[in-house]
Each structure stands twice: as structure tokens, then as C-alpha cells.
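# Descriptive structure summary
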Amino acid sequence: MSYQKTNTYLKFDKSRMLNLEYSLNREILRTNRRGAYHCTTLVECNTRKQHGILVVPVPKLGNSNHVLLSSFDETVIQHGADFNLGIHKYDGNNFSPMGHKYIREFSCDVMPRTIYRVGGVILSKEKMFSLKDNTIYIRYTLLDAHSPTTMKFRPFLAFREINQLTAENTVAEHGYKEVENGISMCMYSGYPDLFMQFSKKVNFVFEPNWYKGIEYQKDMEDGMPYKEDLYVPGYFELPIAKGESIIFSASDVLSENTIDLPALFEEGIKERTPRSSFYNCLKNSGHQFYYRPSKGELYLLNSYPWGEVRARDQFMSLNGLTLQIDKEGAFEEVVDTAVPAVEQLMDAKPITRRFLKDIGEADVLLWLVRALKKYSVSHNERFYAKYASLVSKIVEFIQEGKHPNLKPLANGLLSVDSRVDYPSWMHQPSADNIYKVPRTGCLVEVNAFWYNALMFNQEIAKTTNNFELEKEMSSLANSTKESFLETFLNDGGYLYDYVVGNYVDWSVRPNMLLAIAVDYPLLDRRQSKSILDIVTKELLTPKGIRSLSPKSIGFSPRYEGSQYDKIYSSYNGGVWPWLLSPYMQAYVKVFQRSGYSLLDRLLIDVEDEMANDCVGSLSAVYDGSIPYLGHGAISHATNVGEVISALNMQKAFVDEY
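The sections below set out a description of the structure shown in this document. For every chain, the first residue of the written sequence is number 1, and numbering continues from 1 along that sequence. Local features in this predicted model are restricted to residues whose pLDDT is 70 or higher, and side-chain atom pairs enter the listing and the counts only when it is 80 or higher, whereas totals over whole chains, interfaces and linings include all residues. By convention in this description, side-chain values take in all heavy atoms of the structure and omit both hydrogens and water.

## Overview of the pairing of strand β19 (residues 245-251)
The buried label applies to any residue whose accessible area, calculated with a 1.4 Å probe on protein chains only, is under 20% of its type's maximum; exposed applies above 50%, and partly exposed to all values in between. In DSSP terms, a helix is any run of H or I states spanning at least four residues, a strand is any run of E spanning at least two, and both are numbered starting from the N terminus. Summarising burial for β19: 6 of the 7 residues are buried, a large majority. Between any two strands, pairing holds if DSSP finds at least two bridges. Pairing geometry for strand β12 (residues 135-144) and β19, over 7 bridges, is antiparallel. The partner of Ile136 across the bridge, within β19, is Ala250. Sheet topology note: the strand β16 (residues 194-198)/β19 ladder contains 4 bridges and is antiparallel. By the bridge assignment, Phe198 is partnered in β19 with Phe248.

## Describing the side chain of Arg48
In this fold, Arg48 is placed in the loop between β3 (37-41) and β4 (52-57). A relative accessible area of 7% means that Arg48 is categorised as buried. Polar side-chain contacts of Arg48 include one of 2.9 Å to the side chain of Glu27. In this analysis, two residues are considered to be in contact whenever any of their non-hydrogen atoms come within 4.5 Å of each other. Every residue in contact with Arg48, bar those within four places of it in the chain, is listed here: Glu27, Tyr216, Lys218, Asp219, Pro305, Trp306 and Ile634. N or O atoms within 3.5 Å of each other form a polar contact, as long as, within protein, one can give a hydrogen and the other can take it, and as long as residues adjacent in sequence are counted only when both atoms are side-chain atoms.

## Observations concerning the nonpolar core
Among the buried residues, those of types Ala, Val, Leu, Ile, Met, Phe, Trp, Tyr and Cys that are joined through side-chain atoms within 4.5 Å form a nonpolar core. Leu69, Phe72 and Tyr583 are the most contacted members of the largest nonpolar core, which has 204 residues in total. Counting residues per element, this core draws most heavily on helix α11 (residues 444-463), at 12 residues. Residues within four places of Leu69 in sequence aside, it is in contact with Gly52, Ile53, Leu54, Pro155, Phe156, Leu157, Leu194, Met196, Phe248 and Ala250. The next biggest cluster of nonpolar side chains, apart from the first, holds 6 residues, and it includes Met111, Met128, Tyr137 and Ile247.

## What about the side chain of His88?
Note on placement: His88 falls in strand β7 (residues 88-90). Judged by its relative accessible area of 5%, His88 is buried. At 2.9 Å, the side chain of His88 and the side chain of Asp73 are in polar contact. Every residue in contact with His88, bar those within four places of it in the chain, is listed here: Cys45, Ser71, Asp73, Asn94, Phe95, Ser96, Pro97, Phe156 and Ile214.

## Points about unusual backbone geometry
Residues Ser96 and Pro97 are joined by a peptide bond in cis, for which omega reads -15°. Of the consecutive residues Ile626 and Pro627, the connecting peptide bond is found in the cis state with omega at 10°. Relative to the helices and strands, Pro627 is located in the loop between β32 (621-622) and β33 (630-631). Positioned with a positive phi, Asp326 is a non-glycine residue whose angle comes to about 60°. Under the relative-accessibility criterion, Asp326 is labelled exposed at 57%. The backbone of Asp613 shows a phi angle near 50°, a positive value even though the residue is not glycine. If you trace the backbone, Asp613 turns up in strand β31 (residues 613-614). In this structure Asp613 comes out as buried when scored by relative accessible area, which is 17%.

Right, here's the structure in full:
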């Protein structure tokens with residue numbers, strides 16, 4: 001078996017892998033869609049405390065994830081000489097060992113694949129996460145060797161919550177149990193056993209040691225705690241022959257027939273969609289946000305590696321992460337999982353769901369109605385059979401003033417209080433609980449969504465022959481539209497971002513885009529074009545839409561400084577790729593066929609991000625000025641979902657014209 005260079009969509013050659021400034025700033029992520037994940041850098045030097053070979057949820061210890069196996073260092077032995085392929089950062093910018101120098105190529109098609117060359121040895125390493133349980137498989141294949149070869153493997157154990165760090169201590173349990181072709185360990189009470197097994201007989205040598213002072217570069221740069229000690233219980237050792245493949249598995253469940261590991265690995269390959277294009281990368285990334293904590297439940301996580309279930313983010317990304325990648329069943333599962341929490345909110349009862357405690361934040365139900373409207377377009381009969389009454393109940397709930405933070409005004413608009421939870425996607429708390437964007441009163445997108453909810457409910461009433469409700473919704477919608485235009489449309493040719501009492505906010509922000517992109521228009525073509533022209537001139541960038549115009553007071557384009565400064569920048573100049581979807585919807589509505597040339601090239605620069613930050617995904621936010629670097633969570637659900645929607649919209653537009 002000989003080594004051949006691969007020709008894949010995502011590939012990194014030797015020169016890039018040797019450049020740590022480059023390779024340490026690019027990460028890979030794999031998940032099992034049940035909350036567990038594997039995440040590290042291209043050269044497998046962990047740079048965040050959230051990185052790890054196997055990171056899993058431990059329900060007994062709360063809703064967070066926990067790093068069980070942090071790293072897994074391989075050593076190639078030939079002629080009695082050891083060549084360690086691992087790499088860790090220690091104090092003083094010292095890296096040891098320097099295993100990345102043996103990397104010849106990294107590719108990421110069906111799975112992450114690293115090719116190492118040590119003298120005459122050429123070794124392939126491939127990683128795959130099981131979709132059935134919390135198990136990661138690593139396949140090692142000796143592609144070439146001119147003499148007998150042995151391999152050693154050292155597991156670096158953490159057994160800690162992803163946002164914490166560990167240190168050498170006397171509480172940790174150092175013992176292990178022998179299992180088929182491997183061992184199991186559990187360092188602390190409350191944790192599951194970690195099973196480390198191979199597909200062939202292996203010798204484990206107990207040689208306990210704490211590796212002290214391992215540093216995480218990204219955490220250090222962010223001003224966060226960044227240094228810890230990791231426990232290595234010893235090493236595994238086995239011979240490997242030229243052309244032979246061996247499988248290593250790390251899991252919280254025992255593999256009782258390790259002889260089946262190669263077959264399980266091959267079956268897993270067949271289930272994967274190759275990351276062979278921009279769309280396929282995002283589709284794979286989209287699947288990674290699926291979270292099934294128990295049977296009959298499906299949620300969407302908002303990001304990795306420190307993400308969680310957030311109701312607003314879930315409904316913002318729902319269309320893109322389900323309907324747009326042909327997962328209609330998943331759309332219904334997510335909604336059906338959320339319905340009990342929605343009903344408990346409307347019945348003024350405590351939310352009993354383990355997640356979605358934030359279902360009552362001001363705009364969340366309106367994002368849900370927006371998603372259901374999109375579902376109704378392609379699944380009309382199913383919508384009326386399952387969800388039409390839910391939409392009507394939500395509208396009635398808000399209309400009657402029962403929502404905890406949506407106050408109906410006499411003019412038909414809705415008002416929110418910025419001091420109650422986080423009433424919009426731009427409200428992000430900091431350690432001092434000071435909002436970076438104090439939007440309060442009547443928010444432009446909330447009221448655009450409210451008008452659309454009224455119109456949608458009117459359509460439902462008409463279809464179900466509820467003429468009295470249809471008349472009521474028509475009257476309220478007309479009043480709301482008139483008040484919307486009177487309240488938000490300004491002499492500058494765009495929309496105020498929010499209005500409270502006699503105060504109007506003149507900041508040029510992207511929320512007004514949502515008022516053009518909605519299904520039931522509030523503005524005529526001339527008004528929409530004026531708004532879109534301003535957005536294009538002041539907010540559009542190669543990576544998405546700015547959260548604030550450079551001409552507006554408070555513009556901060558750089559994600560840098562303290563955590564306070566970074567959060568501030570995110571919503572006051574930072575760029576969000578997800579806003580390209582409503583931008584494209586608005587552009588098509590205004591310019592129609594004449595918009596072809598712009599839409600055809602709009603996503604070219606976003607595609608470049610497939611090789612940056614988290615490979616094959618999109619970061620949470622980008623700088624608002626050149627070079628538009630990505631920051632925050634390395635894989636962001638709303639960005640991925642809405643850019644998928646934008647890609648599909650672009651393709652449909654190009655096909656039509």
C-alpha cells in the first residue's frame with residue numbers, strides 16, 4: 001500500500017501544517033448529534049480548555065459538557081528510536097514534543113485525515129465520531145515502512161467540565177481495569193467510565209504521571225485561565241505491519257467485540273456526506289448542531305465548542321438547519337419538542353423542560369412563528385394539521401398582553417423592556433450585566449415580525465373559514481402597519497432601530513433588513529430600495545452584514561480587548577454572516593432580475609471561511625473592517641443555517657434567470 005496525495009475540497013499541505021501561526025488558528029470539529037464532540041486544531045495541539053478527543057455530556061453533573069480524553073499522543077518506534085507525533089504548549093511558548101514536523105498533509109473530506117512521514121514510515125490517521133453513542137474512532141494505517149514498526153499511545157486525561165481546568169491532586173483515582181484489548185478508567189465520582197480499546201491485542205504499561213503546566217493559547221489570548229495539569233496513566237504498545245490498519249476507540253460505553261471495530265468504521269464512512277463543496281461543508285456543519293439528549297427530544301445547539309440550547313437561536317436557525325437541507329422531519333421534531341414549553345409559557349406555568357427555560361424572552365415566539373410560516377409554504381397540509389392552531393394561540397397570547405415582555409400599545413405596536421432578560425438577538429449580557437446595545441421600547445424587527453404574525457393568522461383564519469377572526473386580524477394588521485410606518489420611517493430614507501417614548505434611535509443597523517425580507521411587506525418598493533441602498537453602502541461586507549454603520553456613534557469594528565469590549569464590538573460593528581439571507585431576500589424583492597450580478601458573487605468571500613477558523617463551518621462574528629477575521633464560537637448555528645438558506649436562494653435565483 002503506497003501513499004498518494006489526495007485531491008479534496010479541504011486540504012492543507014506540509015508548509016501550512018508546519019507553520020504553527022497558521023495551523024493553530026484552524027480547528028476541526030466532529031459531533032455525534034447527541035451532545036458529545038471532538039474538537040482540536042489541525043496539528044492536534046489543544047488551544048482551548050474546551051478542546052478534547054472525547055468531550056461528552058454528563059447529565060448527573062448538569063447540562064454542560066465534560067472533557068474525558070484531552071489528547072492522545074502517538075509514538076512511532078523504529079530501530080529502537082522513538083518519534084513522538086504529539087504536540088503540547090508549555091510555559092514560555094515552548095512546544096513539546098514537536099510532532100507536527102512529521103505531518104505531510106491534512107485533508108478533511110469524509111473525515112479528518114492526517115498523513116505523517118517519519119523516515120521511511122508513512123502513517124495515515126483518520127478520525128470518526130459514532131452517530132449512535134459517545135464513541136470516537138481513530139484508524140491508523142501503516143501505508144509504508146521498510147522495517148518492523150511499533151506504536152505507543154499515551155492518553156492525556158482531564159475528567160473536568162469544559163470551562164474549568166484541573167491540577168494534580170490526591171482525589172483523582174489512578175487505578176484502571178483491564179477490558180477487552182484495552183482498559184477503563186474513572187478519575188472522579190459522578191463521571192462515567194472511559195473505555196479505551198483497540199481492534200487488536202495491545203499491551204498496556206502502567207506508568208502514571210501528571211504532565212504539568214500545559215497551556216491553552218486561545219484562552220491565554222482571551223485573558224482567561226489557561227494552564228492545567230493532565231494525568232497520563234501510562235501507555236499502550238503494539239506492533240503494526242505495512243498495509244495494516246488498527247482502530248482505537250474512546251467511549252463511555254464498553255465495546256464488547258473489538259473485532260468489529262474495523263467494520264463499524266467502514267459503515268460510518270458510508271453514512272457521511274463528503275465535504276466536497278461549500279454547500280456540503282455547511283450541510284455537515286448543520287447536522288452537528290442536532291442535539292438529542294433523550295428519546296423523543298430534538299433541540300438545536302447554538303454553537304460550538306461552548307454552545308447550549310437557546311430558544312431564540314434555535315428558532316432563528318431552524319429553517320436553514322432542517323428544511324434547507326431536506327430534513328423536514330427534523331423541523332417537526334424540534335417544534336414538537338418545544339411545544340410543551342410554549343404551552344406552559346402561555347398557561348403561565350413553570351417551564352418543566354430541561355432546556356428552553358428562556359422561551360419567554362421577548363421575541364422568541366415571533367421567531368417561532370416566522371419559522372412556521374416558512375414551513376407552511378412547502379408543507380401546507382402538514383402545517384394546518386399540526387401547527388395552525390398553535391400560531392393562532394401565540395398571536396392571541398401576545399395580543400391580550402399576557403406575554404411577560406411584549407406589551408401591546410394602543411397604536412397596535414409592541415413594546416419591550418430591555419431590563420427584562422434579553423429581548424432581542426442584539427442583547428448580550430456581560431459580567432457586569434451592562435447591555436452593549438440598550439434597545440428598548442418599540443424594536444423595528446419585533447414589530448415587523450408582529451405585523452407578519454397578524455397577517456399569517458389572518459391567512460389561517462381565511463383558510464379555516466373563521467371569518468370573524470379574519471376580520472379582526474385584518475383590522476389589527478392594518479392599524480399596526482400604519483403605526484409602523486409612522487413610527488419607524490425617517491427622513492433619512494431608512495428605519496429607526498428602536499423608538500421609546502419621544503426618543504428615536506438613528507443608528508444604522510441591520511434589523512431594518514428584516515422588515516423588508518418578511519413574507520408580508522410593510523414597505524413599498526421605493527421605500528425598500530432606499531433602505532437597501534443604505535444597508536449596501538454602510539453595512540454590507542465580504543463576510544456578511546455589519547451590526548452598526550461606521551458612520552454611527554459607537555462603531556467598534558475590532559473584536560479585541562476585554563470581554564466587555566469584545567461583546568460590545570460584536571453588536572456595534574461586528575459582522576454577522578446570517579444576515580446575508582434576509583439581505584438577499586430583500587434584494588430579490590427590490591431588484592428582481594437586475595439583482596443577478598450581485599447575488600451571483602455575494603457569497604464568494606464567505607466560502608473562503610471554509611478553510612479558516614473551524615474548518616468547514618462559520619464563526620460567530622467577524623471584524624467589521626479589513627481583514628474581517630472570525631471570532632467567538634468557532635461554529636455558529638444561525639450563521640451556518642442562514643448561509644445555507646442564502647446558498648439555496650442564490651442557486652434558485654441563478655437557475656431562474
